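Commentary on secondary and tertiary structure
If you want the building blocks of each chain, they are given just below.
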Amino acid sequence: MNAPLTAARLQEPTSLADRFSTHVVRNQASPGTGFNAFTGDCVLTAAIGREAPWAAERCSEVGRLAGDEAVQELARLANRNLPELRTHDRFGNRIDWVDFHPAWHELMTLAWRHAIPNLAWTAREPHAHFARAVLAYLWNQVEHGTGCPTGMAYAAYAGFVADPALAIWAEKVCGTQYEFSRREVALKPSVVVGYAMTEKQGGSDLRETQTTAVYSHSDDYHGATAHWYALTGHKWFCSVPQSDGFFTLAKVGGQITCFFLPRTLPDGSFNRFFIQRLKDKSGNKSNASSEVEYCGTLAIRVGAEGRGIREIISHSHLTRLDFAVGSAGLMRQALTLALNHAGTRSGFGMPLARLPMMSNVLADMAIEVEAATLLAFRVARATDDLGKDARQTAFARVATPVAKFFNCSIAATVANEAVQCHGGNGFIEENPMARIYREAPLNSVWEGTANMMCMDVRRALRRNPDCREALLAEFRDVRGASSEFDAFLEGIGGLLDAVTDDEWLARPVSEALARAIEGAELIRHSTGEVVDAFMATRIGTSRYSRGALFGTMGRSISKMQADAIVDRAQVMRA
């Protein structure tokens, strides 16, 4: 056993390369690039074809970015090389600035060039909010951190356009040339806008704002009179602190008032805006979030004193819509990557996607993603009619928090299941799936948690009877298409009545409304396989039709039906 090896017992390698070779890499999934996230997505192309065909080419351009290998590398680099706070320059001057990796600026340049923040305000064609929602959905498959400033710029326009003193900001927020600088607003081709609302003692309860404001002076500001106040206080969460300006709240004589705070003042000097630290977030790594201090900080009053929360609510509809759309886009990216991995890697003699259990998982996820997508787009379509159509306005008032609650909450579950489809390959930072997994919970806690959204659903139903009627009217044209859905709808009226009396029911009622809107939209716009599976597993009451987790669709769905649903969801095709 311990005899020495002899030359006769050794076999010479055929080449030097073979001598050090251990194995040939095979059966790895294909790279998740080289596709168009718009033209390859039948749900998106059909939606734009129905509502905004004029935007199809623009959407195709952004869809190409989502599948472009070089752009995805920018996303990886921006999230790997984190923003860095610079409180002072090398001479000791306070500058309160944030440095970013060049990849962040390249992504921001692409977002602004393709009008992700502002198409809704610049397009002259019909249904511009819907078209912009599709762009945002696609952009959230490019990079999620930059989705924060694009969404805030989108919402900010509503605050700017109503105030003559902020007309120049309304003009600049519609620009398409991104510029990272401290120049005064009049000198910039476009602006980035942030929000600084919450404080550590109050969180979502903005009535607990402790920041104070004292009138300073009134002066001409780019052709209109602006009323300037000096602010003092600490903001616990300030998004995108390197922005050109911020909407914020402060109390004037005890009354909460809205203000807009430019980072650079009309004379070119920097406002007293002190970044205390950057938040070390679980996800959303590419984007900077911070705590900031106001100390004699100058800001322009927006609206009347004491009307601050009402003023911000006029923006919040748009930010909530943006989050609902963004979470749907994130889920679509997770599904696309899962489909690609399972479709191009084999196990047990066939592609993983064709194995019965994996087919069940992928089809279940595809149903969820399509339903969430249609829910978000339905709210976007109603947003196009805000203030023009009373029924659509009332529907949007209640459906927007429903969509924000449901899509943002379910996104983390979809992302988790997409990681499961990858196995360990999905949990390493080289794979974009890991970034999506960390990002997925974010939208659910920003701009109001799930409970806050459900409280708002209940508040809308209690305060405005038109919201109830608008919801019931939403389902009239689809009655008769599915007996299961008809039975489900029979209980909706009673739920709406019950929740107005009992806050305990706010979350289950909000979820039921989300499912009702999704079901109606699927009946209108999807295939028989998807509709039947949705009704059997999300709406139907038969035992064992679906468990609590994805991939648990029971005998009410066949594997042939699941395979058809998976094929429909494919974006990358061989």
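1. Observations concerning the pattern of salt bridges
Scanning all chains against the criterion turns up 34 salt bridges. The closest approach of N and O atoms between E199 and K235, which form a salt bridge, is 2.8 Å. Remark: K235 occurs in strand β5 (residues 224–239) and E199 occurs in the loop between β3 (193–196) and β4 (212–221); sequence separation between them is 36 residues. In this structure, E199 and K235 share a single accessibility class: buried.

2. Digging into the packing of aromatic side chains
Throughout the structure, instances matching the rule amount to 22 aromatic pairs. Both rings, one in F485 and one in F488, keep their centres 6.4 Å apart while their planes meet at 15 degrees; by these two values the pair is stacked. Pair noted here: F485 and F488 are both in helix α17 (residues 483–490), with a separation of three residues, about one helical turn. F485 sits in the buried class, given a relative accessible area of 0%. The partly exposed category is assigned to F488, whose relative accessible area is 23%. Among the aromatic residues, those joined into a cluster by ring pairs are F160, W169, Y195, F247 and F260.

3. Considering helix α16 (residues 465–474)
When α16 is considered as a whole, its buried residues turn out to be C467, A470, L471, A473 and E474. Along the axis of α16, the buried positions cluster into a sector of 165 degrees, meaning they face one direction only. Structurally, the start of α16 carries an N-cap: the backbone nitrogen of D466 is 2.9 Å from a side-chain oxygen of N464.

4. So, the pairing of strand β6 (residues 245–252)
The buried fraction of β6 is high, at seven of eight residues. Pairing of β3 with β6, which is carried by four bridges, proceeds in the parallel orientation. Bridge pairing in β6 places G194 opposite F246. Sheet topology note: the β6/strand β7 (residues 255–262) ladder contains eight bridges and is antiparallel. By the bridge assignment, F246 is partnered in β7 with L261. Following β6, the chain reverses through two residues before pairing antiparallel with β7; G253 in that reversal takes a positive phi of roughly 60 degrees.

5. Points about a positive patch on the surface
Together, R307, R310, R462 and R463 make up a positively charged patch on the protein surface. Tracing the sequence through the fold places R310 in helix α10 (residues 308–344).

6. Overview of the packing of helix α7 (residues 128–139) against α10
The geometry of α7 relative to α10 is characterised by a closest axis approach of 8 Å and an angle of 45 degrees between their N-to-C directions. Comparing their axes, α10 and α7 come out oblique. In the packing of α7 onto α10, the handedness of the crossing is right-handed. Of the residues in α10, those in contact with H129, R132, A133, A136 and Y137 of α7 are L318, D322, V325, A328, G329 and R332.

7. Focus: unusual backbone geometry
Within the chain, H222 stands out as a residue other than glycine whose phi angle is a positive 55 degrees. For H222, a relative accessible area of 38% gives the class partly exposed.

8. Topic: the side chain of T150
Position of T150 among the secondary structure elements: in helix α8 (residues 147–161). Apart from residues lying up to four places away in sequence, T150 is in contact with A111, W112, I116, P117 and R132.

Cut-offs used in this document
- Residues numbered from 1 in each chain as written.
- Predicted model: local features only at pLDDT ≥ 70, side-chain atom pairs only at ≥ 80, totals over all residues.
- Heavy atoms only, no water.
- Salt bridge = Lys/Arg side-chain N within 4 Å of Asp/Glu carboxyl O.
- Helix = DSSP H or I, 4+ residues; strand = E, 2+ residues; numbered from the N terminus.
- Buried < 20%, exposed > 50% of the residue type's maximum accessible area, 1.4 Å probe, protein only.
- Phe/Tyr/Trp six-rings, centres within 6.5 Å; stacked < 30°, edge-to-face > 60°.
- Arc of directions from axis to C-beta.
- Polar contact = N/O pair within 3.5 Å; in protein donor to acceptor, adjacent residues only side chain to side chain.
- Pairing = 2+ DSSP bridges.
- Patch = residues over 30% accessible without salt bridge, like charges linked within 9 Å, V, L, I, M, F, W, Y side chains within 5 Å.
- Areas by Shrake-Rupley, 256 points an atom, 1.4 Å probe, with all protein chains shown as cover.
- Lys, Arg positive; Asp, Glu negative; His and termini not counted.
- Charge placed at Lys NZ, Arg CZ, Asp CG, Glu CD.
- Axes fitted to C-alpha atoms, helices over the stretch in contact; angles between N-to-C directions.
- Parallel < 35°, antiparallel > 145°, perpendicular 65-115°, else oblique.
- Left-handed = near helix turned anticlockwise from the far one by under 90°.
- Contact = heavy atoms within 4.5 Å.

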